[in-house]
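# Architecture and fold: a report
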Amino acid sequence: MTGGRELVMVSNRLPVDRVVNEDGSTSWRTSPGGLVTAVEPIVEQLGCLWVGWAGSADERVDPFEIGSMRLAPVELSEEDVELYYEGFSNGTLWPLYHDVIAQPEYHREWWDRYRQVNRRFAERVAQEAAEDAIVWVHDYQLQLVPALLRQLRPDLTIAFFLHIPFPPSRLFAQLPWRKRIVEGLLGADVIGFQQVTDAVAFRMTAERFTRAPALGNTVVVPATADRPSRTVLAQEFPISIDAAAFAAVAERPEVRRRAQEIREELGNPKTLMLGIDRLDYTKGIRHRLKAYNELLADGEIDAADIVFVQVATPSRERVEAYRQLRDEVEVTVGRINGEHGAIGRAPLVYLHRGYQRDEMVALYLAADVLLVTPLRDGMNLVAKEYAACRVDEQGVLVLSEFAGAADELRDALLVNPHDIEGLKAAIVRAAHMPKEEQRRRMHSLRRAVHHNDVSHWAAGYLGAVQAAAESRQVGPSG
Ligand code: ADP
Ligand code: G6P
């Protein structure tokens with residue numbers, strides 16, 4: 001898929017985080033989030049050099065290897081973490097790119113540090129990458145890297161993939177450094193987005209702020225005194241999962257037993273409802289809890305019949321909006337159980353921690369209903385994982401229209417999470433859905449996930465990147 005060229009992955013976080021155990025020893029743990037879930041199976045197969053941060057501040061980690069990956073850690077100081085990662089990446093870009101659900105903050109010192117850290121990543125890649133390598137830069141934390149890298153190493157083919165939405169031009173326009181971000185991205189040969197709306201928004205934004213005209217699904221970067229014009233492909237490539245690998249875990253007898261055990265431990269409720277999300281304000285957890293609380297209060301569902309398990313993975317815990325969210329969610333959980341629970345019976349089980357893959361799959365298998373109700377989400381792989389795991393073709397997916405996954409998973413119960421009455425109606429419908437309708441819908445969801453699985457996605461995206469690499473060898477286009 002790379003035509004014999006070296007593949008270099010670049011992301012803010014390495015696919016593994018370094019953790020210090022209680023006895024002072026250190027170990028590696030899979031990093032949180034969909035980026036790693038999607039990309040790891042591809043690089044396990046292809047091998048790569050991966051440049052990224054090892055997850056703790058002020059720590060120098062030597063390069064190391066895992067399987068076919070060589071990992072090259074980039075060091076971030078405590079101040080880098082505060083200004084570049086928590087500040088500009090997660091206090092400015094994340095909310096701006098997710099429909100300003102939280103208020104983005106614009107601070108010049110955050111931006112300055114974002115530039116500095118992006119330069120550090122670009123320099124590290126420039127040092128490490130082999131001649132003519134393909135460099136694949138990931139996500140919003142590193143949008144300046146493509147252009148910086150092109151200056152440092154014109155021999156490289158540069159691909160960028162945005163795992164989160166790209167905002168409409170009228171929102172992106174708020175960003176004081178909007179032109180610089182677009183110029184940074186246009187340093188790539190190929191820019192991949194999750195949805196067609198993201199790609200269209202980017203092409204319009206590029207035209208508006210850099211006067212680079214859009215032509216079909218490309219953007220033409222005009223010639224300058226010392227450089228010919230270039231064509232950048234800016235197109236959607238919806239990300240996916242290794243569906244067969246999830247299905248294989250779901251077939252294992254001990255995982256199926258564990259699913260049964262989970263139901264028993266929860267008191268064998270008639271309906272087990274599940275939510276699995278990073279504890280992030282984009283995920284619509286508050287709306288979901290409000291709907292559940294009202295259903296219990298109205299008596300539309302009986303607390304004796306249902307248990308809702310909400311897994312909330314710890315995330316970005318020092319960023320203010322995340323702290324507030326955690327406080328609010330935890331107060332609401334207490335209130336719901338206080339009002340509707342009984343001795344030995346809690347209608348809501350809240351778990352603030354990470355799990356191994358097998359346990360996640362057992363949870364998916366145990367759940368009659370999965371609630372995926374983000375207010376905005378680039379894709380949402382949890383929805384796809386649920387479908388991939390339901391080899392029994394049972395279970396109901398309630399899915400927000402505002403998740404990228406809704407483009408493909410048309411047979412989910414699609415909801416607008418802002419419409420609490422609509423959400424309540426979907427939950428009731430899901431809880432009572434006849435088995436035959438479950439089967440028909442789940443069959444269609446599984447077909448969609450298996451059709452566009454991670455290797456289909458990688459072949460499409462890397463195919464486009466390889467074509468760009470080959471046309472560069474022929475000579476600059478335009
Ligand atoms: P995001 O990238 O915003 O976190 P996604 O739904 O696209 O959202 O991806 C989340 C990924 O993280 C999925 O692969 C999911 O299985 C995994 N995940 C989420 N919560 C947990 C958890 N508590 N323990 C282990 N893995 C988790
Ligand atoms: C999402 C983002 C990733 C990010 C992940 C976890 O999936 O798209 O870029 O790595 O969340 O967030 P964190 O801030 O912990 O890296």
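Our subject is the structure that appears above.
Residues numbered from 1 in each chain as written. Chains lettered and ligands numbered in written order. Predicted model: local features only at pLDDT ≥ 70, side-chain atom pairs only at ≥ 80, totals over all residues. Heavy atoms only, no water.

## A look at the site of ligand 1
Our working definition: Put simply, a residue is near a molecule or strand once any heavy atom of it comes within 4 Å of that molecule or strand. Between N or O atoms, a polar contact is any pair within 3.5 Å; within protein, one atom must be a potential hydrogen donor and the other a potential acceptor, and residues adjacent in sequence are included only when both atoms are from side chains. Values of accessible area rely on a 1.4 Å probe in the Shrake-Rupley scheme; residue burial ignores everything except the protein chains shown.
In the region of ligand 1, 17 residues are neighbours, and G34, T37, T313, Y355 and E385 sit closest. A distance of 2.7 Å separates a nitrogen atom of ligand 1 from a polar backbone atom of Y355. Within the backbone of V382, an N or O atom sits 3.3 Å from an oxygen atom of ligand 1. Protein chains shield 85% of the accessible area of ligand 1, which is 570 Å² for the free molecule.

## Some thoughts on the pairing of strand β2 (residues 16-20)
In summary, the side chains of a regular strand alternate between the two faces of the sheet. Basically, it comes down to this: A pair of strands counts as paired when DSSP detects no fewer than two bridges linking them. By definition, any uninterrupted DSSP run of H or I lasting at least four residues is a helix, any uninterrupted run of E lasting at least two residues is a strand, and each is numbered from the N terminus.
For β2 and strand β3 (residues 26-30), the ladder comprises five bridges, and the chain directions are antiparallel. Pairing of D17 across the sheet is with R29, part of β3. The antiparallel pairing of β2 with β3 creates a hairpin that spans five residues between the two strands, and G24 there sits at a positive phi of about 90°.

## Section: the nonpolar core
Across soluble globular proteins, you tend to see nonpolar side chains buried next to one another. Applicable threshold: Among buried residues, the Ala, Val, Leu, Ile, Met, Phe, Trp, Tyr and Cys ones that are joined through side-chain atoms within 4.5 Å form a nonpolar core. Buried, partly exposed and exposed residues are distinguished by accessible area as a fraction of the type maximum, computed with a 1.4 Å probe on protein chains only: under 20%, between the cut-offs, and over 50%, respectively. In what follows, residue pairs with any heavy atoms lying within 4.5 Å of each other are defined as contacts.
By size, the foremost hydrophobic cluster in this structure holds 99 residues, and its most contacted members are F121, I181, L186 and F202. If you tally residues by element for this core, the top one is helix α2 (residues 78-97), at nine residues. Ignoring sequence-local partners within four residues, the contact set of F121 consists of V10, S11, N12, V51, G52, W53, V74, L76, Y84, L142 and V145. By size, the runner-up hydrophobic cluster in this structure holds 77 residues, among which are F64, L71, A259 and L351.

## Description of the site of ligand 2
This is how it is decided: Here the nonpolar group is Ala, Val, Leu, Ile, Met, Phe, Trp, Tyr, Cys and Pro; Asp, Glu, Lys and Arg are the charged ones; every other residue, Gly included, is treated as polar.
Around ligand 2 there are 13 residues in total, and R13, Y85, D139, Q141 and R316 lie nearest to it. Within the side chain of R13, a nitrogen or oxygen atom sits 2.6 Å from an oxygen atom of ligand 2. The side chain of R316 places a nitrogen or oxygen atom 2.8 Å from an oxygen atom of ligand 2. Expressed as a share of its isolated accessible area of 380 Å², the protein-covered part of ligand 2 is 93%. For the shell around ligand 2, the class distribution of residues is five nonpolar, four polar and four charged.

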